[in-house]
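Coordinates in review
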Amino acid sequence: MAILSSILGVFWGLMRCFLLMIWIDPWTKPQPTREGRSIITYEQWYATQFEKDAIRGVDDWVIDPRDSSYDWQIVKSLKKDLERCRLLGDDRGLCSQLRAQSSRNMGRILSPALYRKSHIQTKKLIHDYIKEVRLCIAHISDRNHIANHVNTLVSAQEKRQVLHDMRTALGRTTLVLQGGAMISMCHLGVVKALYLQQLLPQIITGTGTGALIAALVSTTPDESLLAVVDGSHIDLDAFHRAGHEYTNGEVSSWSGSLKRRYERYRTSHHFFDIDILRDCARDNLGDITFEEAYAKTGRILNITIAMSEVAGTPQLLNYITAPHVLIWSAVVSSIATSKEMYAPVQLLCKSDTGAITLHFAADFSGRGGMRQASVHPEAPLTRIGELFNVNHFIVSQTRPYVAPFVQLQKFADRYQPLGTLVRLCLNELLHWMEILNGFGYVPPILQRVLVDEVVPSFASWSKISITPGIGLHDLLTMFDTPTPGMLQKWSARGERCTWPQICELKCRCDIELELEAAYASIRRRTVVPAISVT
């Protein structure tokens, strides 16, 4: 027993050291130079990183295809086979090759070690292979190409079936925007960076305050999206109205805000005014339902809410499970997960006549006066995988009790085998949390980790996390009243923390996005026109 206690003590000591390094990291880094502060676009940042790669000799590593981290000989052979079939016009062979290569991690091209040398490039062979697969998909979907007369022609129906089967085998991607109060405004920049690089998935999932950003993105057409994610077109009047009401027009101080929240907890037993969030969500979203948002933008919005086992309503809300629910009410329900933090809320829906009616109460009593977010038998991300064939998750992580561990893992991955050891320790910690949760010893705030953070796949490539560096100042200001300037600042910060992931995201998602476009194109052309009867 004494030996076990010593081992646990050493483990906890190491974890504290690692966490301390993560928290003080923003202050130990040198301040950006004037040139660094002038970088405001991805193209400028890319040019700077390209020069750094040339100085460090990364270019030689990129050109050399050999590396033990992936099966470079297999990837090279597959690329040659695809190129040969495409140049010869062998559609039958090309379809067979594409079916056999319907894997996101073909030849282990998504091995993490391949993306640590540089932020903007990996092996040239990998880029060339992905480019060739995209060319072959475009070749199959091209209506004007003429096959070589020596080979058997492939009908449009067969091509459409090949593309459909490839989409099914490859799977789809969802962008997951987690909560984190003011820190979650980083999601605006993440969405902007992905949109500008044509990497924004069609399926977007939001939890907590991340649900508000997901709803804004999913209800905004492409032509207006950049204005929203910049933070300049988000209506914050609800916060200003509440501020004038609480302070009688005077400037609110930090101590006055703290005192006001304490008085609110004494009288109503919750710290924050949910009415302000309700007004803000409704001002920005309007009375639009999940079904109407999908018809408007084509994006699939998913919002997760805390549920109780006494309710039969799905925990995951989207245009399939809850088509007539008002999105702004789902956003508020996703944010109000704790009775100590927020007052009870209700979900609303729109009837066929346009009347707003009560859908069901999102406030359910639980043990200890808290909603039990873990009693639902199926995690939201698992449900998304079942409904939309999702097997790849881009997680924008801003939760202050989870983001440090993500930063810790990224830091340790630079110094293998330290990264493997840290991953083992974190997985063991998660395992013990699941065991303690079974006995009811895990606080509700940590239950969300077990419900919302667990990806339903054991593959290492199934999840990629994007997280900003969170410091002590961010924790102290995470509940401040938002302003347009703060939103723009957080948006720029989220955009910058996404740039280093663009190269890896292109390798993960380019083939999927090409497939989506090709399948949509060939499906439109094969629609049988109606035959008029004279």
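You'll find the protein chain entered in an unreviewed UniProt entry as Triacylglycerol lipase, with Exophiala sideris given as the organism. Taken from UniProt, the Function (unreviewed entry) comment for the protein chain reads in full: "Probable lipid hydrolase."

Focus: the side chain of K350
Here K350 is to be found in strand 5 (residues 346-350). A polar side-chain atom of K350 sits 2.6 Å from the main-chain carbonyl oxygen of D287. Those residues within four positions of K350 in sequence are excluded, and the remaining contacts are D287, T289, E292, H324, L326, A355 and I356.

Considering unusual backbone geometry
A negative phi angle is the norm for most residues apart from glycine, just as the trans form is the norm for most peptide bonds. A positive phi angle, close to 60°, is found at R108, a residue other than glycine. With respect to the element layout, R108 can be found in the loop between helix 6 (91-100) and helix 7 (124-141). In this structure R108 comes out as partly exposed when scored by relative accessible area, which is 34%. Phi at N389 takes a positive value of approximately 60°, unusual for a residue other than glycine. Note on placement: N389 falls in the loop between helix 17 (380-388) and strand 7 (390-396).

Some details on the pattern of salt bridges
For the structure shown, the criterion picks out 22 salt bridges. One salt bridge in this structure joins R282 and D287, with 3.1 Å as the shortest N-O distance. One continuous salt-bridge network, built from bridges that share partners, spans R134, D510 and E514.

Focus: the environment of K506
Tracing the chain through its elements places K506 in helix 23 (residues 502-525). Take K506: its relative accessible area is 27%, and that puts it in the partly exposed class. If we ignore the near neighbours within four places in the chain, the residues touching K506 are Q197 and L199.

Considerations on the pairing of strand 2 (residues 203-207)
Most of strand 2 sits out of view: five of its five residues are buried. By the alternation rule, side chains of strand 2 split into I203, T205 and T207 and I204 and G206, which are all buried. Strand direction decides the pairing type here: strand 1 (residues 172-177) and strand 2, joined by four bridges, are parallel. Across the sheet, V176 pairs through a bridge with T205, a residue of strand 2. Handedness of the crossover joining strand 1 and strand 2 through helix 9 (residues 186-196) is recorded here as right-handed.

Rules and cut-offs
- Residues numbered from 1 in each chain as written.
- Predicted model: local features only at pLDDT ≥ 70, side-chain atom pairs only at ≥ 80, totals over all residues.
- Heavy atoms only, no water.
- UniProt positions renumbered as here; feature names shortened; annotations may be inferred.
- Helix = DSSP H or I, 4+ residues; strand = E, 2+ residues; numbered from the N terminus.
- Polar contact = N/O pair within 3.5 Å; in protein donor to acceptor, adjacent residues only side chain to side chain.
- Contact = heavy atoms within 4.5 Å.
- Buried < 20%, exposed > 50% of the residue type's maximum accessible area, 1.4 Å probe, protein only.
- Salt bridge = Lys/Arg side-chain N within 4 Å of Asp/Glu carboxyl O.
- Pairing = 2+ DSSP bridges.
- Right-handed = clockwise from strand over helix to strand, strands pointing away.

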